[in-house]
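Residues per chain are reported as follows:
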Amino acid sequence: MIKDVLVIGGGIAGIQASLDLADMGIKVHLVEKLPSIGGKMAQLDKTFPTNDCAI
Amino acid sequence: MLDVGRHPNINLLAYSEVETVKGQAGDFKITVRKKARFVEENKCTGCGLCSEKCPTIVSDAFNEDLGTRRAVYAYFAQGIPSTRTIDPDHCRQLNGKKCGICAKVCQAEAINFDQKDQILELEVGAVILAGGYDVFDPSQIPEYRYREIPNVVTAMEFERLLSASGPTGGHTDRPSDLAMKAGIEPLEKKIKKSLRGLEKFEKQYNRTSKEFYTQYTSGDIEKDDDQNKWANQYEEHLSLLEALDALKEKVKTFGPAKRLAFIQCVGSRDFRFYPFCSGYCCMHSIKEAIIANEHEPETASTIFGMDIRAVGKGFEEYKIRGGNTSGITYVRGRVAEITEGSGHNPIVTYEDTRERTVKSEDFDMVILATACAPTKGIADLAKILGIALDDYGFVKTDFLSPVDTTMPGIFVCGCAGSPMDVPESVAQASSAAERAAEIAFQSDVEKETAIA
């Protein structure tokens, strides 16, 4: 049996870690304190150095 | 974000907090408190009708308190899950007042004021802590007068002003101008109210207030209590109208902020607060200056810093491009003080270390590149997880194993461990995921070995 993994925090780091684990076939529980995931990066308009949209 | 909501292997527990952690690597027992949203997640379609009709207006934390939301809200428009949440601190119904409008308008019948917090028990092999950071509160630096001068803002606040989905729709309107604009509506309401008061007299005496007032001032009529009251009310009404006209006239002269000052190392590389370099702020300021210039081509920005740290793939080129094509001037020097000049313009006093002179310059707006501070909840969470923090309050790690905490089976990534930018956070997250996967799969390997 493959064990589950708990990820605390749904910002860009937590999202990336969850997706990587989930794609490996591991069940992930992603806990986020706020009503929506996204974290600080969702508050950003664009990201450097490409000026890509952050969301 | 959307992928997380859809992935069959991800159990998304938003609006939840970890309460207890027991056990060891390969075998942790976790309890999670899933806070009551007072909205049934499986019924809510995310149509937003409840937020439209909710009468309670609350300051919007997602927009850095520059805008407002309702007591029933989506944290932000594209948020996942798209379910609405009722804010128990502000909702009228949940605070014993009569309301329940959201429940009446909700066609999916998703509003449930009786919802309770749920305690969930999980069994996991490994834990990844990606708790993030907090923006340093610059009001701790008295000489920058953040909050005293309205047009001194943090980089995150400016980010919301630049965002098309932000409170100004992407216009770099100054907070002082926004505050003045916000004064129009209450004034108009006051005028409407005073008009209603005047109408009562007009009906009673069958003439307009203006006619009456001319007679009253010329002394043509007898002045009883009623007449005096009417005259007083009319005078008040006239002064309100005058104030509204003046305000509207002033608001017409407002435009976007075109002369911007960015101040680097606010709270970081400062021995009073955090001695470390937060790493991303130089690039963040350059990016904001470039975007502001894209929105309003006449925008000229000055970035004040001890040095500009453009360390990363394509970063130095980005910095040079900003200087060449986006109206950015880089000044080497630390800002000593910000004061307020006429028209709410912040005045920046600094030493230009290349010219060895002390100068003062007036700007439309000042943006503070605030430090990356450890997030407030991290100390409690570290206690729950049984992991150590470093001297600043970030999760303690080793140079040669940057995602391992002091507790085996618990890993850290992103700004919870140390300040870093988005690409670094993503790289570290993948690294932490791989370390956690080792444990998750190990239990499988062990079992197979035992059978063999």
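Preceding block: the structure.
Residues numbered from 1 in each chain as written. Chains lettered and ligands numbered in written order. Predicted model: local features only at pLDDT ≥ 70, side-chain atom pairs only at ≥ 80, totals over all residues. Heavy atoms only, no water.

A. Spatial organisation of the interface of chain B and chain A. Between chain B and chain A, the contact holds 82 residues from the first and 48 residues from the second. Counting the surface lost from both chain B and chain A, the interface buries some 5,400 Å², and carbon and sulfur atoms represent 66% of this. The largest per-residue losses of area from chain B upon contact with chain A belong to B:Met1, B:Asn9 and B:Tyr75, which jointly make up 10% of the total buried on that side. Taken together, the links from chain B to chain A amount to 0 salt bridges. For the pair chain B and chain A, the interface holds 29 residue pairs in polar contact (both at pLDDT 80 or more). Element by element, the count of residues in the side of chain B that touches chain A is highest for helix 12 (residues 422-451) of chain B, at 14 residues. The residue makeup of the side of chain B that touches chain A, split by class, is 47 nonpolar, 17 polar and 18 charged. Taken together, the 5 bridges between strand 2 (residues 28-32) of chain A and strand 1 (residues 10-14) of chain B define a ladder with parallel strand orientation. Residue pairing for strand 1 of chain B: A:Val31 is matched across the bridge by B:Leu13. (Contact = heavy atoms within 4.5 Å. Buried area = accessible area lost by both parts, 1.4 Å probe. Salt bridge = Lys/Arg side-chain N within 4 Å of Asp/Glu carboxyl O. Polar contact = N/O pair within 3.5 Å; in protein donor to acceptor, adjacent residues only side chain to side chain. Helix = DSSP H or I, 4+ residues; strand = E, 2+ residues; numbered from the N terminus. Nonpolar A, V, L, I, M, F, W, Y, C, P; charged D, E, K, R; others polar. Pairing = 2+ DSSP bridges.)

B. Structural context of the sheet that holds strand 8 (residues 118-124) of chain B. All names here are of chain B. What the 3 strands build is an open sheet, ordered 2-3-8; its pairing is antiparallel. Of all strands in the sheet, those bounded by a partner on one side alone are strand 2 (16-24) and strand 8. Averaged over all neighbouring strand pairs, the angle between strand axes comes to 20°, with direction disregarded. Pairing analysis gives 8 bridges linking strand 2 to strand 3 (residues 27-34), with the strands arranged antiparallel. Pairing of Thr-20 across the sheet is with Thr-31, part of strand 3. (Axes fitted to C-alpha atoms, helices over the stretch in contact; angles between N-to-C directions.)

C. Broad picture of the side chain of B:Thr375. Note on placement: B:Thr375 falls in the loop between strand 19 (372-374) and helix 11 (378-385). Setting aside anything within four residues of it in sequence, one finds B:Thr375 in contact with B:Gly131, B:Gly132, B:Tyr133 and B:Asp134.

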